[in-house]
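# Report on the structure
Below are the chains, spelled out letter by letter.
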Amino acid sequence: MRRLPPISYVIIAYMLLAFGWWCILLLRKNEEAHIARVDKLAIELAVQKKIERASEFRETENYMLLTDRFERQQRMILGEAVFLVLSLIGGIYLLFRNLGKEISAAEQQRNFLLSITHELKSPLAGIRLILETFQKRRELKPEIQQKLSTNALAETDRLTALVNDLLLSAKLESMYQLNREPIDFGELVQDAADRVVMKYRGAKVNVDIEPDIPLISGDRQGLTSVVVNLLENAAKYSQPEPIIYTSLQRGGESEIVWTVKDNGLGIPDHEKRRVWAKFYRVGNEDTRSTKGTGLGLFIVKQIIDKHGGQIELRDNQPRGTVFRVYLPVS
Ligand code: ADP
C-alpha cells in the first residue's frame, strides 16, 4: 500500500466509520421498534384481560415470540454489518494491491524508457562522432585512426550486447529452450574475469577455481550471460577501485557453487527481493550515474532457474555484495 493521495485514506476511514455508525443506528432503531411493539402488546393483553399482573406478561407466548424475533433481527444486522465491513476491507486491499502493481509497472516502464534511450543514444553518438572525424580529417595519423576505430568497435559491441540482452529477456519469458552441452564452468568464469579486467581498468579480479570441478550440462550462451552479468555488475557497482573475489567449488556430489564478492555500493535489504525484476534498477533514474538497463539480474535469475539452480544475494563485509550461484551437475 503506497503512494495513494492522503485524501484516499481519509475517504476509506470515513467509509468504515460511516458503516459502523449506520450499524449502531440500525441496532438502536430496531431496539426502539421492539420496545414499542412490547408496549403495544402489553396494552393489548391488559385490555383483553389475558394477564392480571405485570410479572405474568414476560411469560406470555406472544412476548417470547416478539423477543425471539427481535434477537434474530439484531443478530442479522450485526452479521451483515460485519460481512459488509470485511468485504469492504477485502475490496480495498485488492484495489491497493493492484494499484501498487500498476504503479510499479509504470515506474519500471519509465525506468526502462529512460535507461534504454540513454544506452542506445550514447554509443550511437560516439560512433557518429568518430565517423565524422574520419570524414573531416582524412589525413589522420595511423595510431589515432587505430584508437578511433577501436573505440567505434567497442561502442558497437555495447550496442550489440544491449540488443542481445533485450532479445534474450524477451525470449526468456516465452520460448527460450536450453541448448544443453557439457560445460566447463570454470573456463566461463576465467574468460569473463579476463574480460572484466580488460574492460574496467583498475578492477582487481581474484579468481579461485577448485581443481577437478565436474562439467555441468548447460546452455553455453545462457551461462556465459550469467557469468558476465554478475562479474560486470561487481565491477560496475564497485567504482572507483573494484576488488572482486570469485570462487568456484564443488557443493557435494551433485552441484557446483560459484561465488562473486565485491567491495561496492551493496544492495539495501529492502531492494534485495526487487532487483531480479525485469528493468528494475535501484534508485532513481534521474539521479543515477551508472549505466544499465535493469535487465542483467532478470536474465541471470531466469537462466539459473531454467537450469534448476539457485541464486542467493547477501551483504559482503565490511561492504559490498555477495552473489552465490548453485548449479546442478547434470
Ligand atoms: P543494471 O543494468 O542496472 O546493472 P541489473 O539487473 O544487472 O541491471 O541490476 C539491477 C540493479 O541491482 C542495478 O541497477 C543495481 O542497482 C543493483 N546491483 C546489481 N548488482 C550489484 C552489485 N554487485 N552491487 C551493487 N548493486 C548491484
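Rules of the game
- Residues numbered from 1 in each chain as written.
- Predicted model: local features only at pLDDT ≥ 70, side-chain atom pairs only at ≥ 80, totals over all residues.
- Heavy atoms only, no water.
- Helix = DSSP H or I, 4+ residues; strand = E, 2+ residues; numbered from the N terminus.
- Rg over C-alpha atoms; globule rule 2.2 N^0.38 Å.
- Buried < 20%, exposed > 50% of the residue type's maximum accessible area, 1.4 Å probe, protein only.
- Contact = heavy atoms within 4.5 Å.
- Areas by Shrake-Rupley, 256 points an atom, 1.4 Å probe, with all protein chains shown as cover.
- Near = heavy atom within 4 Å.
- Polar contact = N/O pair within 3.5 Å; in protein donor to acceptor, adjacent residues only side chain to side chain.
- UniProt positions renumbered as here; feature names shortened; annotations may be inferred.
- Core = buried A, V, L, I, M, F, W, Y, C linked by side-chain atoms within 4.5 Å.

## Some points on the overall build of the protein
- Within the protein, the regular secondary structure consists of seven helices and seven strands.
- Seen in sequence order, the protein has helices and strands lined up from the N terminus as α-α-α-α-β-α-β-β-α-β-β-α-β-β.
- Taking 20 Å as the expected radius of gyration for a compact globule of 330 residues, we find that the protein reaches 35 Å, considerably beyond that expectation.
- C-alpha extents for the protein along the principal axes are approximately 125 × 60 × 40 Å.
- Counting the 330 residues in the protein, one finds 37% classified as buried.
- Considering only intrachain contacts with a sequence separation of at least 6, the fraction spanning at least 24 residues in the protein is 70%.
- Of the accessible surface of the protein, which amounts to about 21,100 Å², a share of 58% is contributed by carbon and sulfur atoms.

## Focus on the site of the ligand
- Surrounding the ligand, one finds 19 residues, the nearest of these being Asn233, Tyr237, Arg281, Thr293 and Leu297.
- Arginine 281 places a side-chain nitrogen or oxygen 2.5 Å from an oxygen atom of the ligand.
- In this structure, valine 282 approaches the ligand through a main-chain N or O atom, which is 3.5 Å from an oxygen atom.
- The protein chains hide 97% of the 530 Å² of surface that the ligand would expose on its own.
- Breaking the shell around the ligand down by element, the ones donating at least two residues are α6 (220-236), α7 (296-306) and β7 (321-328).

## Comments concerning the UniProt feature "transmembrane region" (unreviewed entry) in the protein
- With numbering aligned to this structure, UniProt lists the feature "transmembrane region" (unreviewed entry) at residues 6-27 and 77-96.
- Within residues 6-27, the helical portion is 100% and the strand portion 0%, while the C-alpha atoms at the span's ends are 32 Å from each other.
- Annotated as 100% helix and 0% strand, the span residues 77-96 places its first and last C-alpha atoms 28 Å apart.

## What to know about the nonpolar core
- Grouped together as the largest cluster of nonpolar side chains are 49 residues, with contacts concentrated most on Phe185, Leu230, Leu231 and Trp258.
- Top contributing element to this core by residue count: α6, with eight residues.
- Each residue touching leucine 231, except ones within four places of it in the same chain, is listed here: Val189, Ala192, Ala193, Val196, Ile244, Thr246, Trp258 and Val260.
- Ranked by size, the runner-up nonpolar core spans seven residues in total, among them Leu45, Ile51, Tyr63 and Leu66.

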